Amino acid sequence: EAAPLAAMIPPPPPAHLSMRAEIEWLAGSADNARGVALALSSSLFIGASFIIKKKGLLMSVEKGGSSASAGGFSYLRQPVWWLGMLTMIGGESANFIAYAYAPAILVTPLGAATIAASAVFARFFLGEDMHICGIAGILLCTVGTVVLVRFAPEEAPVTSVEEVWSMAMQPVFRAYVCFVLSFTLALVYGAAPKYGKTHVVVYVAICSMIGSLSVMALRGIGIAAKLTMRGSDQLRKRETLFFILWVGCCIATQMNYLNKALDTFNTTMVSSVYYVFFTVCTVTASMIMYKDWENQTPGSIFWQVVALLVNVAGVHILSGTRDSAPGCRAGLRALLSRRKSEEKPEYTHLCACDDDAEQQQQQQQQQQQ
């Protein structure tokens, strides 16, 4: 019994390594190391973008505009919202390049850094409280990230975008795409109008499932760009153009429902639930399409699953104690009971602010008439 357990424990790093060599040793390869660096940079930018966009949404409502949750687009006139959008584009660009170097099962879970960053930024720039247990959640996310990077799988070699297209045409993956599209339509036209403003899962599930499809196409575009830079032109092929069009449609849908979620619910809650759903959907899609676990040892898979669970636990602690009373005991009770704080649920507060702003806007219009 000791032999299998020993095989799961990683060997220590070689002595006298440079910092760059240590990073490459930890990630397993130079490409994985580039992907990790890009993914972590992306997480910081995206975490900041959540805060900046939320600030723009609040400013829009304060000036009498219609809220995004009510179907309004007045936030498009806010420069702060566009600054957040540019920040998110920068983060997503780094994330896009990361998928060209590392598999999705490594890049996507590193989004836990986004949760930690958004919680810290929200504390200082939006005045949102961070429970003391949130620090433990951030530490768990850090540990999970390090373990995941250490046991990350190697990306399977791909020599053309046609190979990526053939993976996308597998019957199992096509069945996954049909399921995602059908379930998303059911949420958009069935659940969102009734439960969108009271259940954060509705908007986030739409973003996550559509996002998993966009990541698969983004990885194909990233592979095409990487092969093109190495001398094999793949960007002009019709498969690449289809992937670009598909990503554009997916991102437009994601942004619409992400704005609705951010305008209705607490920032930390949205980013935390989104991380869990998006990670599960993307890892599932990547396992089906790219077969990330096909050539992995049981030990590597075990530690990858452990790292994912640690990250999910950290994210859950960070979000679950968001509105609980101060103190570790109160935080533990909130996590175990799964009850929301009855003192000041922020999504109710925001909805009330939206209603007051809309009433004020109607009164101003009546006075002008």
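Note: the structure precedes this text.
A few points on the structure. (Residues numbered from 1 in each chain as written. Predicted model: local features only at pLDDT ≥ 70, side-chain atom pairs only at ≥ 80, totals over all residues. Heavy atoms only, no water.)

## Notes on the overall build of the protein
In plain terms, the rule: A run of H or I in DSSP counts as a helix once it spans at least four residues, and a run of E counts as a strand once it spans at least two, with each numbered from the N terminus. Residue exposure (1.4 Å probe, protein chains only): buried if accessible area is under 20% of the type maximum, exposed if over 50%, otherwise partly exposed. In this description, contact between two residues means that some pair of their heavy atoms is separated by no more than 4.5 Å. All accessible areas in this document rest on Shrake-Rupley with a 1.4 Å probe, and a residue is counted as covered only by the protein chains that are shown.
Helices and strands together make up the secondary structure of the protein, namely 15 helices and zero strands. Across the 369 residues in the protein, those meeting the buried criterion constitute 49%. Considering only contacts within the protein whose residues lie at least 6 apart along the sequence, 80% involve residues at least 24 apart. When the accessible area of the protein is evaluated, it comes to approximately 18400 Å², of which 65% is carbon and sulfur surface.

## A look at the nonpolar core
Selection criterion: Residue types Ala, Val, Leu, Ile, Met, Phe, Trp, Tyr and Cys, when buried and joined through side-chain atoms within 4.5 Å, form a set referred to as a nonpolar core.
Among the nonpolar cores identified, the biggest contains 69 residues, and Leu106, Phe173, Met216, Leu258 and Met289 are the most heavily contacted of them. Top element by residues in this core is helix H10 (residues 200–229). It accounts for 18 residues. Beyond its immediate sequence surroundings of up to four residues, Phe173 is in contact with Met167, Ala168, Leu213, Met216, Ala285, Ile288 and Met289. Core analysis: the next-biggest nonpolar cluster, separate from the first, contains nine residues, Ala112, Ala116, Ile138 and Leu318 among them.

## A look at a nonpolar patch on the surface
This is how it is decided: Patches here: salt-bridge-free residues with over 30% relative accessible area, like charges joined within 9 Å, nonpolar side chains (Val, Leu, Ile, Met, Phe, Trp, Tyr) joined within 5 Å. The salt bridge definition used is simple: a Lys or Arg side-chain nitrogen within 4 Å of an Asp or Glu carboxyl oxygen.
A cluster of nonpolar side chains, namely Phe73, Leu76 and Trp82, defines an oily patch on the protein surface of about 310 Å² accessible area. Position of Trp82 relative to the elements: it lies in helix H4 (residues 79–101). Judged by its relative accessible area of 42%, Trp82 is partly exposed.

## Looking at the packing of helix H3 (residues 30–62) against helix H6 (residues 112–125)
The test is simple: For every element, the axis is a line fit to its C-alpha atoms; helices are fit only across the contacting stretch, and the angle between N-to-C directions ranges from 0 to 180 degrees. Any angle that is under 35 degrees is reported as roughly parallel, and any over 145 degrees as roughly antiparallel; angles of 65 to 115 degrees are reported as roughly perpendicular and all others as oblique. Note: crossing handedness is left-handed where the near helix turns anticlockwise from the far helix by less than a right angle, and right-handed where it turns clockwise. In this count, Pro and Cys sit with the nonpolar residues alongside Ala, Val, Leu, Ile, Met, Phe, Trp and Tyr, while Asp, Glu, Lys and Arg are called charged and the others, Gly among them, polar.
The N-to-C vectors of H3 and H6 enclose an angle of 40°; their axes lie 8 Å apart at closest approach. It follows that H3 is oblique to H6 by the angle criterion. Classified by chirality, the crossing of H6 by H3 is right-handed. Here H3 contributes Leu40, Ser43, Leu44, Ile46, Gly47, Ala48, Phe50, Ile51 and Lys55 to the contact with H6, which in turn contributes Ala113, Thr114, Ala117, Ser118, Phe121, Ala122 and Phe125. Split by residue class, the contact of H3 with H6 holds 11 nonpolar, four polar and one charged.

## Focus on the packing of aromatic side chains
Under the convention used in this document: Centres within 6.5 Å are what make two rings of Phe, Tyr or Trp a pair, Trp counting through its six-membered ring; a difference in plane orientation under 30 degrees is then read as stacked, over 60 as edge-to-face, and the rest as tilted.
Taken as a whole, this structure holds 11 aromatic pairs when the rule is applied. Centre to centre, the rings of Trp165 and Phe242 are 5.3 Å apart; their planes meet at 90°, and the pair counts as edge-to-face. Here Trp165 is found in helix H8 (residues 161–168), whereas its partner Phe242 is found in helix H11 (residues 238–264), with 77 residues between them in sequence. According to the relative accessible area criterion, Phe242 is partly exposed, its value standing at 40%. Aromatic side chains Trp165 and Phe243 sit 5.9 Å apart centroid to centroid with 50° between the ring planes, which places their arrangement in the tilted category. Note that Trp165 is positioned in helix H8 and Phe243 in helix H11, a separation of 78 residues in sequence. Phe243 gets classed as buried once you look at its relative accessible area, which sits at 4%. What links up through ring pairs into an aromatic cluster is the set Trp165, Phe242, Phe243 and Trp246.

## As for the layout of surface pockets
Selection criterion: Only protein atoms enter the 1 Å grid used here, on which a cavity is any set of points holding a 1.4 Å probe that cannot leave and a pocket is any open set flanked by protein within 12 Å on both sides along at least five of seven lines; residues with an atom within 4 Å of a point are listed as lining. Grid points are joined across faces, edges and corners, and a volume is the space filled by probe spheres set on the points.
Taken as a whole, the second largest pocket encloses approximately 610 Å³ of empty space. As for the second largest pocket, its lining consists of 33 residues, of which Ile46, Glu92, Asn95, Tyr274 and Phe278 are closest to the centre. Residue assignment for the lining of the second largest pocket shows that the elements contributing at least two residues are H3, H4, H6, H10, H11 and helix H12 (267–289). Ranked by residues supplied to the lining of the second largest pocket, first place goes to H4 with eight residues. Taken together, the residues of the lining of the second largest pocket break down into 21 nonpolar, 11 polar and one charged.

## Overview of the environment of Met88
Mapped onto the elements, Met88 comes out in helix H4. Taking the relative accessible area as the measure of exposure, Met88 reaches 4% and is therefore buried. Sequence separation between Met88 and Leu44 is 44 residues; the distance between their C-alpha atoms is 9.7 Å. Beyond its immediate stretch of four places on either side in the chain, Met88 contacts Ile46, Ser49, Lys53, Met255 and Leu258.

## Let's talk about H4
Inclusion rule: The length a helix should cover is 1.5 Å for every residue beyond the first.
In a regular helix each residue adds 1.5 Å, so 23 residues correspond to 33 Å; H4 covers 34 Å between its end C-alpha atoms and thus fits that length. Along its buried surface, H4 packs onto H3, helix H5 (104–107), H10 and H11.

## Considering the pattern of salt bridges
Scanning all chains against the criterion turns up three salt bridges. Here Asp233 makes a salt bridge to Arg236, at a shortest N to O gap of 3.6 Å. What makes Arg236 exposed here is its relative accessible area of 74%. Among the salt bridges present, the one from Arg238 reaches Glu239, with a minimum N-O distance of 3.9 Å. For Arg238, a relative accessible area of 69% gives the class exposed.

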